[in-house]
Amino acid sequence: MASPRALATSGLVALNIALVAIGWGRGRGTGCEAEVCIGVVLDVGGRGDKSFNDAAYRGLVRAKKELGVGGRVIEPTDGADRESALRQFATQGYDLVIGVGFIFTDDIDKLAREMPEVKFACVDYANATSPDNVTGIRFRENEGSFLVGAIAGLMTTTDAVGFVGGMETPLIRKFEVGYVAGVHHVCSQCRVLTAYAGTDPSAFADPSAGKQLALAQYGRGADIIYHASGKTGAGVFAAARQLHHLVIGVDSDQFHEAPCCVLTSMVKNVDTAVFGAIGDLRAGHLRGGVRNLGLSERGVGFVYDDNNRDRLPAEVIAKVRAIRAQIIAGDIEVPAS
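Residues numbered from 1 in each chain as written. Predicted model: local features only at pLDDT ≥ 70, side-chain atom pairs only at ≥ 80, totals over all residues. Heavy atoms only, no water.

## Quick notes on helix H2 (residues 82-91)
At step 1: Across the ten residues that make up H2, a large majority, eight, are buried.
At step 2: Among the residues of H2, those classed as buried are Arg82, Ser84, Ala85, Leu86, Arg87, Gln88, Phe89 and Ala90.
At step 3: Looking at the residues trailing H2, positive phi occurs at glycine 93, about 85°. (Buried < 20%, exposed > 50% of the residue type's maximum accessible area, 1.4 Å probe, protein only. Helix = DSSP H or I, 4+ residues; strand = E, 2+ residues; numbered from the N terminus.)

## Some points on the pairing of strand E12 (residues 262-268)
At step 1: Most of E12 sits inside the fold, with seven of its seven residues counted as buried.
At step 2: Bridge count for strand E11 (residues 246-251) against E12 is five bridges, and the pairing is parallel. Pairing of isoleucine 248 across the sheet is with threonine 264, part of E12.
At step 3: Here E12 runs beside strand E14 (residues 300-302); their pairing, made up of three bridges, is antiparallel. Within E14, the residue paired with methionine 266 across the bridge is phenylalanine 302. (Pairing = 2+ DSSP bridges.)

## Things to note about helix H9 (residues 314-329)
At step 1: Its 16 residues place the ends of H9 23 Å apart at the C-alpha level, agreeing with the 22 Å of an ideal helix rising 1.5 Å per residue.
At step 2: Here the buried face of H9 lies against helix H4 (141-155), helix H5 (170-186) and E14.
At step 3: One or two steps after H9, the chain reaches glycine 330, where phi turns positive at roughly 90°. (Expected span 1.5 Å × (residues − 1). Contact = heavy atoms within 4.5 Å.)

This is how it looks when you write it as structure tokens:
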């Protein structure tokens, strides 16, 4: 990851940010010379979280390779930088400005109304409706979490499993609620221990807290923990490795974070969603509005491949796939709150 440096821009405060160039300029200041230029502002934790932010970055890199776009990534170091980072791209003439994370919702809506000629997108957009020039990307994380909850409920040997969240927000509650419902769908007697790392954005970048919360849950009898905590999850994986207990990853396939111990991961296809929005822009038909992506749209799912095939019995996978089909058919209603 590039080292942070201060950037001065006309009409903007100096930003203490890290810049990663993946395309180069067509005279847009420090912008890009490609026919289509994308500006992406990442969430707390930035690149290297091996989860949410890295997934968004993969989508941009794929668009660069397959669609010929250029772009730049900004990694704000604190909350005060977010609007300035978005504004920097918008005022430099970028064709699409993407904020990665629900925290960007209000800033993007504000800038979109101020600059209606600029197109914006927001991953995990928090509002039900958006301005005409904002594409809000939302996921039904509760559906994917229900499936990994069912896996945990079928695989636990102690009838106790855990959940570690990052920042306590309605969004992360969706992960928790879906997971708990999935556990209880297959194991009514199971206990689900839950904990959060904090109530502000730094809770997504605190591996020490993640490790302590996970150790506490393992100590109380949980033999499987699912995390939805960004870079804080590194601490959950560390606890799993230390005790040789099982853990479930989130957003991306996190098997390589703890090959000894990762049972599966709830994948949230942020990379595909980012690539899709850029592709629509490239084709000239990106529209504002909110996109909701769940199991039926292949927006969420779980990992079952050669890395974890020996860890997940065929009968467990068959049951979970049947549950997936029931959710898509509407026979199982997954709670979101």
